[in-house]
Amino acid sequence: MEDMMEQLKAWAKQLKRQVFVLYYAYRDKRSPWYAKLFSMCVVAYAFSPIDLIPDFIPVIGYADDLVLIPLGVLAAIKMMPGEVIEDAKKKADARMNQGKPVNWAAGVLIILLWAAVLAAVLTYLYNRLK
């Protein structure tokens, strides 16, 4: 069991490093616009203090952390030129020692998305019961 926990910790640390790599890669002028846009979304979501699917929802609450972010990171890295990724890795390794930045703008967007969904459901229910 301890071995599995160590593997999970190593995987999480590697994922965190890859998010930092993307952060530096999308800021590089050599990156294509579509890769920058996609990478910005992945990084913003990964650094957001609020999840699209709240963690307290059983099973699917951790789906974004375990599935969406790793898949997004993988896809975004594949879109980037190799030399950009190599340069970004060097910067990411230096940044890893400073902690995780928090992206409150992405958090606000997710709150607005949930508010819109709630408003739509309440409007539907109100019109249905009227």
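What counts and how
- Note on numbering: residues in each chain are counted from 1, in written sequence order.
- pLDDT decides what is reported in this predicted model: residues at 70 or higher carry local features, side-chain atom pairs at 80 or more are listed and counted, and totals for whole chains, interfaces and linings draw on all residues regardless.
- Note that the side-chain values use all heavy atoms of the structure and ignore hydrogens as well as water.
- UniProt positions are given in the numbering used here, feature names are shortened, and annotations may be inferred rather than shown by experiment.
- The secondary structure listing takes helices from DSSP runs of H or I that are at least 4 residues long and strands from runs of E that are at least 2 residues long, numbered from the N terminus.
- A 1.4 Å probe rolled over the protein chains alone gives each residue an accessible area, and that area as a share of the maximum for its type sets the label: buried under 20%, exposed over 50%, partly exposed in between.
- Note on contacts: a residue pair is in contact if any heavy atoms of the two residues lie within 4.5 Å.
- pLDDT measures the predictor's confidence residue by residue and takes values from 0 up to 100.
- Definition used for salt bridges: Asp or Glu carboxyl oxygen within 4 Å of a side-chain nitrogen of Lys or Arg.
- Here, nonpolar core means buried Ala, Val, Leu, Ile, Met, Phe, Trp, Tyr and Cys residues that are tied together by side-chain atoms lying within 4.5 Å of each other.
- For this analysis, a ring pair means two rings from Phe, Tyr or Trp (six-membered ring only for Trp) whose centres lie within 6.5 Å, classed as stacked if their planes differ by under 30 degrees, edge-to-face if by over 60, and tilted for the remaining angles.
- To estimate how far a helix should reach, multiply one less than its number of residues by 1.5 Å.

Going by what an unreviewed UniProt entry lists, the protein is known as DUF1232 domain-containing protein and is assigned to Paenibacillus cineris. Here is the UniProt Subcellular location (unreviewed entry) comment for the protein, exactly as written: "Endomembrane system".

What follows deals with the overall build of the protein. Looking only at helices and strands, one finds five helices and zero strands in the protein. The linear arrangement of helices and strands in the protein, starting from the amino end, is α-α-α-α-α. Sorting the 130 residues of the protein into buried and exposed places 31% on the buried side. Taking the contacts inside the protein whose residues are at least 6 apart along the sequence as the reference set, 75% of them involve residues at least 24 apart.

The next thing to look at is the confidence of the model for the protein. Of the residues in the protein, 82% reach a pLDDT of 70 or more, and the chain-wide mean stands at 82. The least confident element of the protein, judged by mean pLDDT, is helix α1 (residues 2–26) at 80; the most confident is helix α4 (residues 82–95) at 89.

Where charged atoms of side chains with opposite charge meet at close range, the side chains can pair. The tally for this structure, following the rule as stated, stands at four salt bridges. Residues R17 and D93 are paired through a salt bridge, measuring 2.6 Å at the closest nitrogen-oxygen approach. Of the two residues, R17 sits in helix α1 while D93 sits in helix α4, which places them 76 residues apart along the sequence. Measuring nitrogen to oxygen at the nearest pair gives 2.5 Å for the salt bridge that ties R30 to D87. One end of the pair, R30, is in the loop between α1 and α2 (33–47); the other, D87, is in helix α4, and 57 residues separate them in sequence. Through salt bridges with shared partners, a single network forms among D28, R30 and D87.

Attention now goes to the nonpolar core. One finds V19, L22, A25, V43, I69, V73 and M80 to be the most contacted residues of the largest nonpolar core, which totals 24 residues. Of all the elements, α1 adds the most residues to this core, at eight residues. Not counting chain neighbours up to four residues away, the residues in contact with V73 comprise L15, Q18, V19, L22 and V42.

A word on the packing of aromatic side chains. In the structure shown here, the tally under the stated rule is three aromatic pairs. Ring plane angle 75° and centroid distance 5.0 Å describe the contact between Y23 and Y24, whose orientation is recorded as edge-to-face. Judged by relative accessible area, Y24 falls into the buried class, the value being 18%. Measuring from centroid to centroid gives 6.0 Å for W33 and Y34, while their planes differ by 90°, and the two rings are edge-to-face. Put simply, the rings of Y23, Y24 and Y26 pair up and form one aromatic cluster.

Take α4 next. End to end, α4 covers 20 Å across 14 residues, agreeing with the expected 20 Å (1.5 Å per residue, within 8%). Here α4 has its buried residues at V84, I85, A88, A92 and R95.

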